[in-house]
Amino acid sequence: MWLMLYSVAVVEAKDNTRTVGAGMQQALDYANTLDISVAISSNGDGFVIQYRKNCGPKSADLSDRQAGGKAIVSENADLEHFPTPDELWSCYKRYNGLASKEEEDTSLCSYYFDSTGRAPRYYQRIAINRMVEAIITRNEKTEFSKR
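Report on the accompanying structure. Just so you know, these numbers come straight off a predicted model, no measurement behind them. (Residues numbered from 1 in each chain as written. Predicted model: local features only at pLDDT ≥ 70, side-chain atom pairs only at ≥ 80, totals over all residues. Heavy atoms only, no water.)

Let us now look at the side chain of S42. Mapped onto the elements of the fold, S42 is located in strand β4 (residues 38-42). Relative accessible area serves as the criterion here: at 6%, S42 is assigned to the buried category. Among the polar contacts made by the side chain of S42, one reaches the main-chain amide nitrogen of G44 at a distance of 3.0 Å. Beyond its immediate chain neighbours, meaning those up to four positions away, S42 contacts E12, A13, K14, V20 and F47. (Helix = DSSP H or I, 4+ residues; strand = E, 2+ residues; numbered from the N terminus. Buried < 20%, exposed > 50% of the residue type's maximum accessible area, 1.4 Å probe, protein only. Polar contact = N/O pair within 3.5 Å; in protein donor to acceptor, adjacent residues only side chain to side chain. Contact = heavy atoms within 4.5 Å.)

Set out below in structure tokens:
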């Protein structure tokens, strides 16, 4: 699932003869490979949502979810409660340490242009995004190799 230049979630869909969470391990594997903050599994009847590295919404922001003000790690959702683009973007920012408006704005700058219309491959985009975010957040210990 894309928002602007960034992958903000991966969704693994299975048919509804399987449980709603049947595709979660596959979604988590994809999220790990692609360095994506939110993994979602669905069977068409509902969703299981896994937030990586405690990037999930805070319960203070969402009154009907987990109590105590802690980040939600995993939750079940019906079809009407799929995370909004704003919620997914907030998770992305927490996951990548984009704390200020200036960091967010800088990360949204277009960094790639190819007159032939080609786009970077997923692993190139991950490396580019990591580099841009490391520069923005002044993180000198960022790993830039493919995981």
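Our next topic: helix α1 (residues 24-34). Among the residues making up α1, those that are buried are M24, A27 and A31. Within α1, the buried residues cover an arc of 60 degrees as seen down the axis, which keeps them to one side. On its buried side, α1 packs onto β3 (10-13), β4 and β5 (47-51). Of the residues one or two after α1, D35 is the one with positive phi, at around 55 degrees. (Arc of directions from axis to C-beta.)

This part is about unusual backbone geometry. Although it is not a glycine, D35 sits at a positive phi angle of roughly 55 degrees. Take D35: its relative accessible area is 14%, and that puts it in the buried class.

To continue, consider the side chain of N43. Mapped onto the elements, N43 comes out in the loop between β4 and β5. The buried category is assigned to N43, whose relative accessible area is 8%. Looking at N43, its side chain comes within polar contact range of the main-chain oxygen of R18, at 2.9 Å. Polar contacts involving the side chain of N43 include one to the main-chain amide nitrogen of D45, which spans 2.8 Å. Those residues in contact with N43 that sit more than four places away from it in its chain are K14, D15, N16, R18, T19 and V20.

The next subject is the environment of Q25. Inspection of the secondary structure puts Q25 in helix α1. Residues Q25 and I40, spaced 15 residues apart in sequence, show a C-alpha to C-alpha distance of 9.7 Å.

As a further point, take the sheet that holds strand β6 (residues 74-77). Read from one edge of the open sheet, 4 strands run β3-β4-β5-β6, paired in mixed fashion. If you trace the sheet from one side to the other, it starts and ends with β3 and β6, each paired once. Shown here is a sheet whose adjacent strand axes are inclined to one another by a mean of 20 degrees, direction ignored. On the sheet, α1 packs against β3, β4 and β5 and is oriented at approximately 155 degrees with respect to β4. (Pairing = 2+ DSSP bridges. Axes fitted to C-alpha atoms, helices over the stretch in contact; angles between N-to-C directions.)

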